[in-house]
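Coordinates in review
This is what each chain is made of:
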Amino acid sequence: MLIASDRILASICEAIIGATYLAFGFERVAPAVVYAFAEQVEEALEHPVDYKSVLQERLARRAQVVAYRIDDEAGPPHDRSFVAVAEVSGREIGRGEGRTKKSAEQEAALRALDSLAQEQEG
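A brief structural summary. For every chain, the first residue of the written sequence is number 1, and numbering continues from 1 onward in sequence order. Per-residue local features of the predicted model are confined to residues with pLDDT of at least 70, and side-chain atom pairs are confined, for both listing and counting, to 80 or more; whole-chain, interface and lining totals are unaffected and use all residues. Where side-chain values are given, they derive from all heavy atoms of the structure, hydrogens and water being excluded.

Some remarks on the nonpolar core
Basically, it comes down to this: Only buried Ala, Val, Leu, Ile, Met, Phe, Trp, Tyr and Cys residues count toward a nonpolar core, and they belong to the same one when joined by side-chain atoms within 4.5 Å. Each residue is placed in one exposure class: buried if its accessible area under a 1.4 Å probe, protein chains only, is under 20% of its type's maximum, exposed if it is over 50%, and partly exposed if it falls in between. Numbering goes from the N terminus for both helices and strands, where a helix is a DSSP run of H or I of at least four residues and a strand is a run of E of at least two. Throughout, a residue-residue contact means that at least one pair of heavy atoms, one from each residue, lies within 4.5 Å.
Membership of the largest hydrophobic core comes to 14 residues, with the highest contact counts inside it found for Leu55, Leu59, Val66, Ala86, Ile93 and Ala112. At the level of elements, helix H3 (51-61), strand E2 (81-88) and helix H4 (101-121) are the ones that each hand at least two residues to this core. Broken down by element, the residue count for this core peaks at six residues, all from H4. Dropping the residues within four chain positions of it, Val66 is found in contact with Leu55, Leu59, Ala86, Glu87 and Val88.

Side note on the sheet that holds strand E1 (residues 66-74)
Counted only if it meets this: When DSSP finds two or more bridges between two strands, those strands count as paired. Angular values range over 0 to 180 degrees, each being the angle between N-to-C directions of two axes fitted as lines to C-alpha atoms, with helices fitted over their stretch in contact.
Judged by pairing direction, the sheet is antiparallel, and its three strands sit side by side in the order E1-E2-E3 without closing on themselves. Pairing within the sheet leaves two strands with one partner each, and these edge strands are E1 and strand E3 (91-98). When strand polarity is set aside, the average angle formed by the axes of neighbouring strands in this sheet is 20°. Pairing of E1 with E2, which is carried by eight bridges, proceeds in the antiparallel orientation. Its bridge partner being in E2, Ile70 is matched across the sheet by Ala84.

Right, dumping it as structure tokens:
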């Protein structure tokens with residue numbers, strides 16, 4: 001059984017939308033695309049997923065700066081996996097894994113935000 005990655009599925013979706021745009025024009029395709037993705041667009045607008053920016057803003061209030069480093073990468077070039085670490089003053093505050101460096105950093109930032117929230121509670 002072949003399982004396609006999210007990136008591959010996104011590329012296929014983009015190609016199909018592009019082909020229908022070229023075949024039928026913007027006026028006919030745009031309403032269908034907007035309708036098909038309305039829920040995802042609304043969710044993204046209400047709940048942005050840029051954890052790196054949120055973490056950076058929270059740490060700036062404390063006069064701290066976050067740095068990211070890639071701690072590990074594994075797998076063949078077409079199916080790579082990365083581990084990123086979020087650090088403040090050389091101390092690890094979050095660790096995340098993803099299929100891209102950016103997604104691993106986002107996951108590390110999310111874990112760091114969770115860690116900061118626990119510090120404030122305790």
